[in-house]
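# Understanding the architecture of this molecule
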2 protein chains.
Amino acid sequence: MVPTQADVLEAAEWLAGRVVRTPVVSSAELDQQAGGRRLWLKAENLQRSGSYKFRGAMRSVGRLAERGCPGVIAQSTGNHAIAIALAAREHGMLATAVLPVDAPRTKIELAEAYGARIMLAGHTVEERLIAVRGLTRETGQVAVDAYDHPDVICGQATAALELLDEVARQGSRLSTVVVPVGGGGGVAGTCLAVQGLDVAVYGVEPEGCDSMARSLEQGRPISVVPQPTVADGLRPARVGDLPFEIVRKGIAGVVRVTDAEIERAMRLALWHAKLLVEPSAAAALAGALRLAEDQPGDIGVLLTGGNVDPAVVSRVLNVEAGVVG
Amino acid sequence: MVPTQADVLEAAEWLAGRVVRTPVVSSAELDQQAGGRRLWLKAENLQRSGSYKFRGAMRSVGRLAERGCPGVIAQSTGNHAIAIALAAREHGMLATAVLPVDAPRTKIELAEAYGARIMLAGHTVEERLIAVRGLTRETGQVAVDAYDHPDVICGQATAALELLDEVARQGSRLSTVVVPVGGGGGVAGTCLAVQGLDVAVYGVEPEGCDSMARSLEQGRPISVVPQPTVADGLRPARVGDLPFEIVRKGIAGVVRVTDAEIERAMRLALWHAKLLVEPSAAAALAGALRLAEDQPGDIGVLLTGGNVDPAVVSRVLNVEAGVVG
């Protein structure tokens, strides 16, 4: 069933007090980098579990807990599984996290720290889904999809809702919201959140991991062979059916960014906004900087998470050690 | 004239809307590092100009502007001068920033970017004060001291006020607030802010830059020969007379921390709270981690700023590249 804006509002009400209402951060220096456009950064790297995925995880696990479900299984490149692990712990439920063998060490350790049983399964989402099916049969636990799930989409949507709300509270309004795209749950939620408002939603994908852009071109979900990217959270081969159904009607466009742009955005977020964001979140900032070149008005940027390996940060900083930007 | 809590409240009212009400950030992982004590981080690295010094700068420059003062001169190790530069620009006033020759490049560039005339004068506060006296005579502009100034103290105090307010709003209360000590303006303001509440204020100084600790021991302001420290903002040789007058009556104690503890705290803030803080701010977190060992209750930490050279961040991260903590 395709969720609606009413479902998003209901999720927001339920999640209030259960998730952090993360701050919206601005930086005059960053706005300069955007040609004077005002950027509003929704700092979901400060969310519990280190990413906005905790919103959808709490919402979906909370509902399963109400129905007496004993445990949950989550496969993802990292943040969804981490978020499910923490949400399950909050509800006294068991959790199994199925991650790719090349997931960032930080992400594996976080899922483990939150008490999840860890299973590493191949490199692709297909390999992980096979593992999930086996576990579901074996344990009777319920799998929570990372994006093809109405509660997950509605949960992620609440980040955009809070962003819009905070900008309005400060007497401004957004003309654009920019969201990184992996499986499409966050961007689908954002499309629901802005419904009825004059706000353009843009997705951002790494070059070569552009399932959403290609799917929109073709009018149906298209698989790609994901190319290597520093944005480890944006590698799904194919966007979800449910997100695609929502996104096709609500999105203004998709921006493709390079790893070099993503890494530069990580540095800009750090030096100017003083925020550590993971590459997948920095992709949104990179996309916003591109859009700022020819879009008027204020731009909201969903900085989706901050779970990044120290070694990646060192490498990204050392590329231009001593140089800001 | 020694400012009072009433002056702090007046400053807070005037500054509302002129400064960022910065978020208070928590991290379950950081609390674990503090032995389960709850840490509340006041993220003044997200303040305009990159540090909480903007509060005192806006308050003092705002008052000078009302009196028709054409320009201001500020000497400091960096953040006060940067903050004065931005505050002056906001009021259409000229500003001259007198900085040590070894100030972080980031800080010199920021003061310049905000339109200040830059003068580099020696290494010590005495050398800078000689330069300030010359400039005052030459230009007729007014010098705003970095800490020995009631408006500056009252301005800095508002950060602690907001921290107390936010923690209360979230249904908790602080037993301790920890503040880094350079010239003592911030810790003096914090003592005023908590007056009448059962909250212990602790200052933190780098080993060998412990003018406040020694002054408290002797009962009068004592000069030290500042030893080298990574915390470039905490190097004044002597605390201010006015801050000392307030602090001696209100402080619970001073913690001395090593550079190794400061750099570790920078890493913890980055990996767990996802915040880039400068070494002087990390000193407060290092002090809080020490205090957590034998103080019960929730601890508020004033993360005073985030203006740090990329090269310093790279070095601090590379010490233990790949290792969290």
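Described in the following lines is the structure provided in the data block. Bear in mind the structure is a predicted one, so any value in this text is a computation, not a measurement. By convention here, each chain's residues receive numbers from 1 onward along its written sequence. The lettering of chains begins at A and the numbering of ligands begins at 1, in the order of writing. At least 70 in pLDDT is required for a residue's local features to be given in this predicted model, at least 80 for side-chain atom pairs to be given and counted, and no such filter applies to totals for whole chains, interfaces and linings, which use all residues. By convention in this description, side-chain values take in all heavy atoms of the structure and omit both hydrogens and water.

### Here we look at the overall build of chain A
- Strands are runs of DSSP state E lasting at least 2 residues, helices are runs of H or I lasting at least 4, and numbering of each runs from the N terminus. When helices and strands are counted, chain A shows 13 helices and 10 strands.
- By the compact-globule yardstick of 20 Å for 325 residues, chain A fits well, its C-alpha radius of gyration being 18 Å.
- Projected onto the principal axes, the alpha-carbon positions of chain A cover approximately 55 × 45 × 40 Å.
- For chain A, the proportion of contacts with a sequence separation of at least 24, taken over those separated by at least 6, is 73%.
- Of the roughly 11600 Å² of accessible surface on chain A, 49% is carried by carbon and sulfur atoms.
- For this count, His and the chain ends are skipped, Lys and Arg are scored as positive, and Asp and Glu as negative. For this purpose, a charge sits on NZ of Lys, CZ of Arg, CG of Asp or CD of Glu. Considering chain A, the positive charge centre built from 32 side chains and the negative charge centre built from 37 side chains are found 2 Å apart. All radius of gyration figures rest on C-alpha atoms, and the globule criterion is 2.2 Å times the number of residues raised to 0.38. Contacts were defined at the residue level, with two residues in contact if any of their heavy atoms lie within 4.5 Å. Residue-level accessible areas treat just the shown protein chains as cover; the underlying method is Shrake-Rupley with a 1.4 Å probe.

### Structural notes on the pairing of strand β4 (residues 94-99) of chain A
All names here are of chain A.
- Buried means the residue's accessible area, taken with a 1.4 Å probe over protein chains only, is under 20% of the maximum for its type, while exposed means over 50%, and partly exposed covers the values in between. Counting buried residues in β4 gives five out of six residues, a clear majority hidden from the surface.
- One bridge is not enough; two strands pair if DSSP finds at least two bridges between them. In the sheet, strand β3 (residues 71-75) pairs with β4 via five bridges, with the strands oriented parallel. For Val72, the partnering residue across the bridge sits in β4 and is Ala95.
- Looking down the strands as they point away from you, a crossover is right-handed if its path from the first strand over the helix to the second goes clockwise. On the question of chirality, the crossover connecting β3 to the parallel β4 by way of helix α4 (residues 79-90) is right-handed.
- Alignment of β4 against strand β5 (residues 117-120), held across four bridges, turns out to be parallel. Counterpart to Thr96 in the pairing with β5 is Arg117.
- Note that the unit made of β4, helix α5 (residues 105-113) and β5 has a crossover that is right-handed.

### Here we look at the relation of the copies chain A and chain B
- When chain A is fitted to chain B, the residual RMSD is 0.0 Å, and the transformation amounts to a turn of 180 degrees plus an axial shift of 0.0 Å. Such values leave the two copies arranged in the relation of a two-fold axis. The rotation axis passes nearest to the C-alpha of Leu275 of chain A in chain A, at a distance of 2.5 Å.
- Of all interface residues in chain A, 100% are interface residues in chain B too; the two copies therefore contact each other through one and the same surface. Copy-to-copy superposition: least squares on the C-alpha atoms, limited to residues that have pLDDT of at least 70 in both copies.

### What to know about the interface of chain A and chain B
- Between chain A and chain B, the residue contacts involve 25 residues of the former and 25 residues of the latter.
- Note on chain A versus chain B: buried area summed over both sides is about 2000 Å², and carbon and sulfur give 67% of it.
- What counts as buried area is the accessible surface, traced by a 1.4 Å probe, that two parts surrender upon association, with contributions from both included. Per-residue buried area on chain A facing chain B is highest for Trp271, Lys274 and Pro310 of chain A; these three make up 30% of the total on that side.
- Pairs of N or O atoms are called polar contacts if they sit within 3.5 Å, as long as, within protein, a hydrogen donor faces a hydrogen acceptor (for residues adjacent in sequence, only side-chain-to-side-chain pairs). One can count 10 residue pairs in polar contact (both at pLDDT 80 or more) joining chain A with chain B.

### Some thoughts on the packing of aromatic side chains
- Stacked, edge-to-face and tilted labels apply to pairs of Phe, Tyr and Trp rings (six-membered ring for Trp) whose centres lie within 6.5 Å, assigned for plane angles under 30 degrees, over 60, and everything in between, in that order. Throughout the structure, instances matching the rule amount to zero aromatic pairs over all chains.
- Lysine NZ or arginine CZ positioned within 6 Å of the ring centre and within 35 degrees of the ring normal marks a charge as sitting over the ring. Cation over ring: Arg18 of chain A sits above Trp14 of chain A, and NZ or CZ is 3.9 Å from the ring centre.

### Overview of the sheet that holds strand β5 (residues 117-120) of chain B
Residues and elements named next belong to chain B.
- Spatially, the four strands line up as an open sheet ordered β5-β4-β3-β6, and their pairing is parallel. At either margin of the open sheet sits one strand with a lone partner, and together these are β5 and β6 (142-143).
- Bridge count between strand β3 (residues 71-75) and β6: two bridges; the pairing is parallel. Bridge assignment links Ile73 to a residue of β6, and that residue is Ala143.

### Observations concerning the sheet that holds strand β2 (residues 39-43) of chain B
Residues and elements named next belong to chain B.
- Taken in spatial order, the six strands make up an open sheet running β1-β2-β10-β7-β8-β9, and their pairing is mixed. Only two strands of the sheet have a single partner each, and these edge strands are β1 (24-25) and β9 (251-257).
- Lines are fitted to the C-alpha atoms to define the axes, a helix being fitted only along its stretch in contact, and any angle between axes, read from their N-to-C directions, falls within 0 to 180 degrees. Contacts from helix α8 (residues 185-194) reach β7 (174-180), β8 (200-206), β9 and β10 (298-303), with the element oriented near 175 degrees to β8.

### Here's the deal with the nonpolar core
- In this structure, Leu41, Leu275 and Leu285 of chain A together with Leu41, Leu275 and Leu285 of chain B are the most contacted members of the largest nonpolar core, which totals 86 residues.
- Ignoring sequence-local partners within four residues, the contact set of Leu41 of chain A consists of Pro23, Val24, Val25, Leu30, Ala273, Leu285, Val301 and Leu303 of chain A. Only buried Ala, Val, Leu, Ile, Met, Phe, Trp, Tyr and Cys residues count toward a nonpolar core, and they belong to the same one when joined by side-chain atoms within 4.5 Å.

### A few points about the side chain of Thr77 of chain B
Residue and element names in this part refer to chain B.
- Locating Thr77 in the fold gives a position in the loop between β3 and α4 (79-90).
- Under the relative-accessibility criterion, Thr77 is labelled buried at 12%.
- Dropping the residues within four chain positions of it, Thr77 is found in contact with Leu99, Pro100, Ala103, Pro104, Lys107, Arg128, Asp232, Gly233 and Arg235.

### Regarding the pattern of salt bridges
- Within this document, salt bridges are pairs made up of a side-chain nitrogen of Lys or Arg and a carboxyl oxygen of Asp or Glu, the two lying within 4 Å of each other. Applying the stated rule across the entire model yields 46 salt bridges over all chains.
- In this structure, Glu278 of chain A engages Lys107 of chain A in a salt bridge whose closest nitrogen and oxygen atoms are separated by 2.7 Å. You can see Glu278 of chain A sitting in the loop between α11 (259-273) and α12 (279-292) and its partner Lys107 of chain A sitting in helix α5, a full 171 residues away along the chain. Neither Glu278 of chain A nor Lys107 of chain A differs from the other in exposure class; each is buried.
- For the salt bridge of Glu217 of chain B with Arg256 of chain B, the shortest nitrogen-to-oxygen distance reads 3.2 Å. Of this pair, Glu217 of chain B sits in helix α9 (residues 211-218) while Arg256 of chain B sits in strand β9, placing them 39 residues apart in sequence.
- Note on Glu217 of chain B: relative accessible area 54%, which makes it exposed.
- Of the residues examined, Arg256 of chain B reaches a relative accessible area of 30% and is grouped as partly exposed.
- Because the salt bridges share partners, they merge into one network encompassing Glu10, Arg59, Arg63 and Asp151 of chain A.

None of this, on its own, says anything about what the molecule does.
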